Amino acid sequence: MGPAEREALLSAFDSGWIAPLGPQVEAFERALAKRVGRSDAAATNSGTAALHLALRLLGVGPGDEVWLSTLTFVASATPITWLGAEPVFMDSEARTWNLDPELFAHALDCGAAIGRLPKAVIVVDIYGQCADYDPIVAACQRHGVALIEDAAESLGASYHGRPAGSFGELALVSFNGNKIATCGGGGMLVGDDPQVIARARWLASQAREDTAHYQHELGGYNYRLSNVLAGIGVAQVGRLDELVDHRRANFNHYAAELASLPGISFMPEPPGYRSTRWLTAVLLDSEQFGAGPEQVRLALDREGIESRPLWKPLHMQPLFARSRCIGGQFTEQLFARGLCLPSGSTLRGEDRDRVIQIIRACHRAARPQVFMPTEACA
Ligand SMILES: *Cc1c(COP(=O)(O)O)cnc(C)c1O
């Protein structure tokens, strides 16, 4: 947070609009829609709420399947179950760590052949990197399946020049406190059909009918964003490039200092992609590196530094023990070998250097001592 955010917050406060409505909400919606190349946006009080609205607007209900990437945060899937639908998880590809486009297209073709297509597909841009949308969108269009982009981690990223948030019928963005741009808590549903977005706003405000008294024909939600928080959001969107650059600088610094060690590799970024590098994610081969992700995590923890394993694939979660997963082995390997390093927007160069030193020390300590025959031995 900087002076621009402080000023925006106070100006929203002073305006008297302390409500989930007001000029800052509208300004936030316009700014974000423009930024992600969409015609319209509805501000919500979380990204999860925006996803719930997206699924409801696409008519997802009991008995439907919704397919999604298994390597993601639980919030990508829980709204599916709130609507009585079934999540079906799917493996990632090695190039992007996101939904495997070949596996996906093949599964859709097979699903069509047996009359079992999903009602919608949620494609997640994990750790801030877009999925390979061209083949994914083509497969969806071939089968008339609606696509939702979960851009909660990727606001500010691009795929062949197109911004994250611009893919699919609808996309959602998160402004939760742990995301790159935040307003404390908030989200946004974006799309190109103003009528659909207007309906999202209506559903998010308890679906009240247009009468003087309180008339209700459908059940809605209380999902609108506070005008005070939206003020902060406007300022953050204005600084988005700066915030993303900082995340990318974190990644580049770690990579420059550590990538040459044996057994450590960084999340790839294929040509034509620009990730936000929301979190710097590495893979450790414990044989070659000499320490596995859990050893490194504990070594950092002993110094008071928090790091985390990668997302545990949702098909491995007890919550979804009875759900189907198409493939999944690749994400299981990522989970077994991965670690997310400290990646905050306020992390300083010297903070990163401390992390780098500890990781290097894990590598050195574990390196087997080479046996040097000496005269004494002889
Ligand atoms: C954070 C996140 C969400 C949920 O956003 P909230 O604003 O926290 O509700 C959904 N999907 C992914 C991939 C996320 O990282």
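Since the structure is predicted, the reported quantities are computational estimates derived from the model, not experimental observations.

Considering the overall build of the protein chain
And then number 1: Per the secondary structure count, the protein chain includes 13 helices and 14 strands.
And then number 2: Taking 378 residues into account, the globule formula puts the C-alpha radius of gyration at 21 Å, and the protein chain, at 23 Å, falls close to it.
And then number 3: Counting all 378 residues of the protein chain, 53% fall into the buried class.
And then number 4: Summarising the internal contacts of the protein chain: among those between residues at least 6 apart in sequence, 71% fall at separations of at least 24.
And then number 5: Summed over all atoms, the accessible surface of the protein chain reaches about 16,800 Å², with 53% contributed by carbon and sulfur.
And then number 6: Looking at charge distribution, the protein chain has the averaged site of its 34 positive side-chain charges lying 2 Å from that of its 42 negative ones.

Here's the deal with unusual backbone geometry
And then number 1: Positive phi is not limited to glycine here, since Trp97 has a value of about 70 degrees.
And then number 2: Relative to the helices and strands, Trp97 is located in the loop between strand 3 (86-90) and helix 5 (101-113).
And then number 3: A positive phi angle is found at Gln206, which is not glycine, with a value near 70 degrees.
And then number 4: Structurally, the position occupied by Gln206 is in the loop between helix 7 (194-204) and helix 8 (227-238).

Description of the sheet that holds strand 10 (residues 264-266)
And then number 1: Pairing is antiparallel across the open sheet formed by three strands, whose spatial order is 10-12-14. A single partner strand is all that each edge strand has here, and the edge strands are strand 10 and strand 14 (338-341). Shown here is a sheet whose adjacent strand axes are inclined to one another by a mean of 30 degrees, direction ignored.
And then number 2: Two elements, strand 12 (residues 280-284) and strand 14, share four bridges in a ladder whose sense is antiparallel. Counted as the bridge partner of Val282 is Leu339 from strand 14.
And then number 3: Across the face of the sheet, helix 9 (residues 240-258) comes into contact with strand 10, strand 12 and strand 14 while running at roughly 155 degrees to strand 10.

Comments concerning the domain arrangement of the protein chain
When the parts of a complex come together, some accessible area is lost, and that lost area is often used as the size of the interface.
And then number 1: On domain assignment, one finds that the protein chain holds domain 1 (3-240) and domain 2 (241-377).
And then number 2: Between the C-alpha centres of domain 1 and domain 2 the distance comes to 29 Å.
And then number 3: Residue-level contacts link 48 residues of domain 1 with 40 residues of domain 2.
And then number 4: Carbon and sulfur atoms make up 63% of the surface buried where domain 1 meets domain 2, a total of about 3,900 Å² over both sides.
And then number 5: Considering only the side of domain 1, the residues that lose the most area to domain 2 are Trp97, Tyr127 and Ile180, jointly responsible for 23% of the buried surface there.
And then number 6: Along the contact surface separating domain 1 from domain 2 lie three salt bridges.
And then number 7: Of the charged contacts in the structure, one is a salt bridge between Glu242 and Arg239, with a shortest N-O distance of 3.2 Å.
And then number 8: If you look at where domain 1 meets domain 2, you find 28 residue pairs in polar contact (both at pLDDT 80 or more).
And then number 9: For the side of domain 1 that touches domain 2, the secondary structure elements donating two or more residues are strand 2 (65-69), helix 4 (78-82), strand 3, helix 5 and strand 6 (158-159).
And then number 10: Per-element tally for the side of domain 1 that touches domain 2: the top contributor is strand 3, with five residues.
And then number 11: Of the residues belonging to the side of domain 1 that touches domain 2, the class tally is 23 nonpolar, 14 polar and eleven charged.

Observations concerning helix 7
And then number 1: Among the residues making up helix 7, those that are buried are Ile197, Ala200, Leu203 and Ala204. Projected down its long axis, helix 7 shows its buried positions confined to an angular sector of 115 degrees, all on one face.
And then number 2: Where helix 7 is buried, its residues contact strand 1 (40-44), helix 3 (47-57), strand 8 (170-174) and strand 9 (187-191).
And then number 3: For helix 7, the N-terminal cap is Asp193; the gap from its side-chain oxygen to the backbone nitrogen of Gln195 is 2.9 Å.

Notes on the layout of surface pockets
And then number 1: Roughly 620 Å³ of internal volume is contained in the largest pocket.
And then number 2: Along its surface, the largest pocket is lined by 28 residues, and Asn178, Arg247, Trp278, Leu279 and Gly344 are the ones closest to its centre.
And then number 3: Taken together, the elements giving at least two residues each to the lining of the largest pocket come down to helix 9 and strand 14.
And then number 4: Residue contributions to the lining of the largest pocket peak at four residues, all from helix 9.

As for the nonpolar core
For soluble globular proteins, the rule of thumb is that nonpolar side chains tend to be buried together.
And then number 1: Ranked by internal contacts, the top residues of the largest apolar core, which has 70 residues, are Leu55, Trp97, Ile122, Tyr127, Phe175 and Met188.
And then number 2: Here this core takes six residues from helix 3, the largest share from any one element.
And then number 3: If you count residues domain by domain, this core takes at least three from each of domain 1 (3-240) and domain 2 (241-377).
And then number 4: Non-local contacts of Leu55, meaning those with residues more than four positions away in its chain, are made with Val60, Val66, Pro79, Ile80, Leu83, Ile122 and Ile148.
And then number 5: Core analysis: the second largest hydrophobic core is formed by 24 residues, Val88, Leu99, Cys140 and Tyr273 among them.

Rules behind the numbers
- Numbering of residues starts from 1 in each chain and follows the order in which that chain's sequence is written.
- pLDDT decides what is reported in this predicted model: residues at 70 or higher carry local features, side-chain atom pairs at 80 or more are listed and counted, and totals for whole chains, interfaces and linings draw on all residues regardless.
- Side-chain numbers come from the whole structure's heavy atoms, not from hydrogens or water.
- Each helix corresponds to a stretch of at least 4 residues labelled H or I by DSSP, and each strand to a stretch of at least 2 residues labelled E; elements are numbered beginning at the N terminus.
- Radius of gyration: C-alpha atoms only; globule rule: 2.2 Å multiplied by the number of residues to the exponent 0.38.
- Each residue is placed in one exposure class: buried if its accessible area under a 1.4 Å probe, protein chains only, is under 20% of its type's maximum, exposed if it is over 50%, and partly exposed if it falls in between.
- The contact definition used throughout considers only heavy atoms, calling two residues in contact when any of these lie within 4.5 Å.
- Note on areas: Shrake-Rupley, 1.4 Å probe, and residue coverage restricted to the protein chains presented here.
- Here Asp and Glu are counted as negative and Lys and Arg as positive; His is not counted, and neither are the chain ends.
- Note that the charge is assigned to NZ on lysines, CZ on arginines, CG on aspartates and CD on glutamates.
- Paired strands are those between which DSSP finds at least two bridges.
- Here an axis means a line fitted to C-alpha atoms, over the contact stretch when the element is a helix, while the angle between two N-to-C directions is reported on a 0 to 180 degree scale.
- Throughout, the edges of the domains are those of an automatic or database domain assignment.
- Buried area: the accessible surface (1.4 Å probe) lost by two parts on joining, summed over both.
- Should a side-chain nitrogen of Lys or Arg be within 4 Å of a carboxyl oxygen of Asp or Glu, the pair is scored as a salt bridge.
- Counted as a polar contact is a pair of N or O atoms within 3.5 Å, where, for protein atoms, one must be capable of donating a hydrogen and the other of accepting one, and residues adjacent in sequence contribute only when both atoms are in side chains.
- Three classes are used, and their members are as follows: Ala, Val, Leu, Ile, Met, Phe, Trp, Tyr, Cys and Pro are nonpolar, Asp, Glu, Lys and Arg are charged, and the others, Gly among them, are polar.
- It is the directions from the helix axis to the C-beta atoms whose arc is reported.
- In the cavity and pocket records, a cavity denotes points on a 1 Å grid over the protein atoms alone where a 1.4 Å probe fits but cannot get out, a pocket denotes an open set with protein on both sides within 12 Å along at least 5 of 7 lines, and lining residues are residues with an atom within 4 Å of a point.
- Grid points are joined across faces, edges and corners, and a volume is the space filled by probe spheres set on the points.
- For this analysis, a nonpolar core means a set of buried residues of the types Ala, Val, Leu, Ile, Met, Phe, Trp, Tyr and Cys, connected via side-chain atoms within 4.5 Å.

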